[in-house]
Amino acid sequence: PRRVLACGVRWGKTRSAGMEGLAAAMEPKPRGSHGWVVAPTYDLAEKVFREIAGIATGKRRDGIPRGGYKPGSMPPRIVTLAGRVSEIQAKSGESPVSLLGEGLDWLVVDEAARLKPMVWESHLSQRLIDRRGWALLISTPRGKGWFYDAWRRGQPESEDREYESWNAPSWSNPHLSRELIEGQRKRIPERVFRQEYAGEFLEGAGQVFRYVREAATGAWEEPREGATYY
């Protein structure tokens, strides 16, 4: 019910999440399903939403038949699949109040590492309780915040059976050029490459001074009279 996917950029997280949402909306439930795509901003939420809407309108040749798609106003961005009475909405984490009140069958959170912890803890996770809904959290790592904690809950050593998590670098996507990615390694700082392309969780992301303890190799001395210290 709680899946966490932490991968490098351009890995295919958005496409995968879009297919998960569309599959949930097409399940043969008598009352249909109600799902949200949530991101820190509307523009980011629309990335996954466009994947879903593109197939629902038949604009893509993915083998899914053109169905009863009814576009909603923008915003809010809504897709309704007729015949299944399933509704998919794009939501922004910028306005937590708009995330209150509704029960959900499923939830996709894109760029989860950039979302404020209180949005997940106080506004989103509760939406899934009454309908026993599932959540898919996807993001490129960004330090060791709440998204990292959620990812750790899904690892084999964790005792939380509600979570499962995965981690993969950008180059595991066979549609990307490993040569071009390796070229980036030479052009950007090591930490940026490890986070953005290798999909690693790094301690102290965003800090100005890094590896301080590793650099502090000198021995303590008594202060020297008349010396100026900085």
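Residues numbered from 1 in each chain as written. Predicted model: local features only at pLDDT ≥ 70, side-chain atom pairs only at ≥ 80, totals over all residues. Heavy atoms only, no water.

Describing the overall build of the protein chain
Consideration 1: A tally of regular secondary structure across the protein chain gives 7 helices and 8 strands.
Consideration 2: Looking at the protein chain as a whole, 43% of its 230 residues are labelled buried.
Consideration 3: A fraction of 70% describes how many contacts in the protein chain between residues 6 or more apart in sequence connect residues 24 or more apart.
Consideration 4: For the protein chain, the exposed surface amounts to about 13900 Å²; the carbon and sulfur share of it is 51%. (Helix = DSSP H or I, 4+ residues; strand = E, 2+ residues; numbered from the N terminus. Buried < 20%, exposed > 50% of the residue type's maximum accessible area, 1.4 Å probe, protein only. Contact = heavy atoms within 4.5 Å. Areas by Shrake-Rupley, 256 points an atom, 1.4 Å probe, with all protein chains shown as cover.)

Quick word on the pattern of salt bridges
Pairs may arise between side chains of opposite charge once their charged atoms sit close together.
Consideration 1: Enumeration over the complete set of coordinates arrives at 12 salt bridges.
Consideration 2: Two residues, arginine 15 and glutamate 51, come together in a salt bridge whose shortest N-O distance is 3.1 Å. Here the residue arginine 15 occupies a position in helix α1 (residues 13-25), and glutamate 51 occupies one in helix α2 (residues 42-56), the gap between them amounting to 36 residues.
Consideration 3: Notably, a salt bridge pairs glutamate 111 with arginine 114, separated by 3.9 Å at the nearest N-O pair.
Consideration 4: Its relative accessible area of 44% is what places arginine 114 among the partly exposed residues.
Consideration 5: One connected set of salt bridges, linked through shared partners, spans Lys47, Asp110, Glu111 and Arg114. (Salt bridge = Lys/Arg side-chain N within 4 Å of Asp/Glu carboxyl O.)

Details of the packing of aromatic side chains
Consideration 1: Taken as a whole and assessed by the stated rule, the structure comprises 9 aromatic pairs.
Consideration 2: Ring geometry for tryptophan 146 against phenylalanine 147: centres 6.4 Å apart, planes inclined by 80°, an arrangement best described as edge-to-face.
Consideration 3: By relative accessible area, tryptophan 146 is classed as buried at 10%.
Consideration 4: Seen from their ring centres, tryptophan 171 and phenylalanine 193 are 6.1 Å apart, and the 15° between their planes marks the pair as stacked. With tryptophan 171 in the loop between β8 (163-168) and α5 (178-185) and phenylalanine 193 in helix α6 (residues 190-196), this pair connects stretches of sequence that are 22 residues apart.
Consideration 5: Residue tryptophan 171 is classed as partly exposed on the basis of its relative accessible area, which comes to 25%.
Consideration 6: Look at phenylalanine 193 and you get buried, because its relative accessible area is 2%. (Phe/Tyr/Trp six-rings, centres within 6.5 Å; stacked < 30°, edge-to-face > 60°.)

Examining the confidence of the model for the protein chain
Consideration 1: Residues with a pLDDT of 70 or more make up 86% of the protein chain, whose mean pLDDT is 84.
Consideration 2: A low-confidence stretch, residues 60-76 (pLDDT under 50), is modelled with 30 contacts involving residues beyond four sequence positions or located in other chains. (pLDDT = per-residue confidence, 0-100.)

Describing the pairing of strand β6 (residues 106-109)
Consideration 1: The side-chain alternation of β6 yields two buried faces, one formed by Trp106 and Val108 and the other by Leu107 and Val109.
Consideration 2: By the bridge criterion, 4 bridges tie strand β2 (residues 34-39) to β6 in an arrangement that is parallel. In the strand pairing of β6, glycine 35 is matched with tryptophan 106.
Consideration 3: Where β6 and strand β7 (residues 134-139) come together, 4 bridges link them in parallel fashion. The residue bridging tryptophan 106 from the neighbouring strand is tryptophan 134, located in β7.
Consideration 4: Crossover handedness for the path β6 to helix α3 (residues 117-124) to β7: right-handed. (Pairing = 2+ DSSP bridges. Right-handed = clockwise from strand over helix to strand, strands pointing away.)

Notes on the pairing of strand β5 (residues 86-92)
Consideration 1: Burial analysis of β5 places 6 of its 7 residues in the buried class, which makes it a mostly covered element.
Consideration 2: Bridge count for β2 against β5 is 6 bridges, and the pairing is parallel. Considered in β5, the bridge of glycine 35 is made with isoleucine 88.

Quick look at the side chain of serine 86
Consideration 1: With respect to the helices and strands, the residue serine 86 is situated in strand β5.
Consideration 2: A residue is classified by how much of its surface remains accessible, and serine 86, at 1% relative accessible area, is buried.
Consideration 3: In this structure the side chain of serine 86 is engaged in a polar contact, spanning 2.7 Å, whose partner is the backbone oxygen of alanine 25.
Consideration 4: Here the side chain of serine 86 touches serine 33 through a polar contact of 3.1 Å, landing on its backbone nitrogen. (Polar contact = N/O pair within 3.5 Å; in protein donor to acceptor, adjacent residues only side chain to side chain.)

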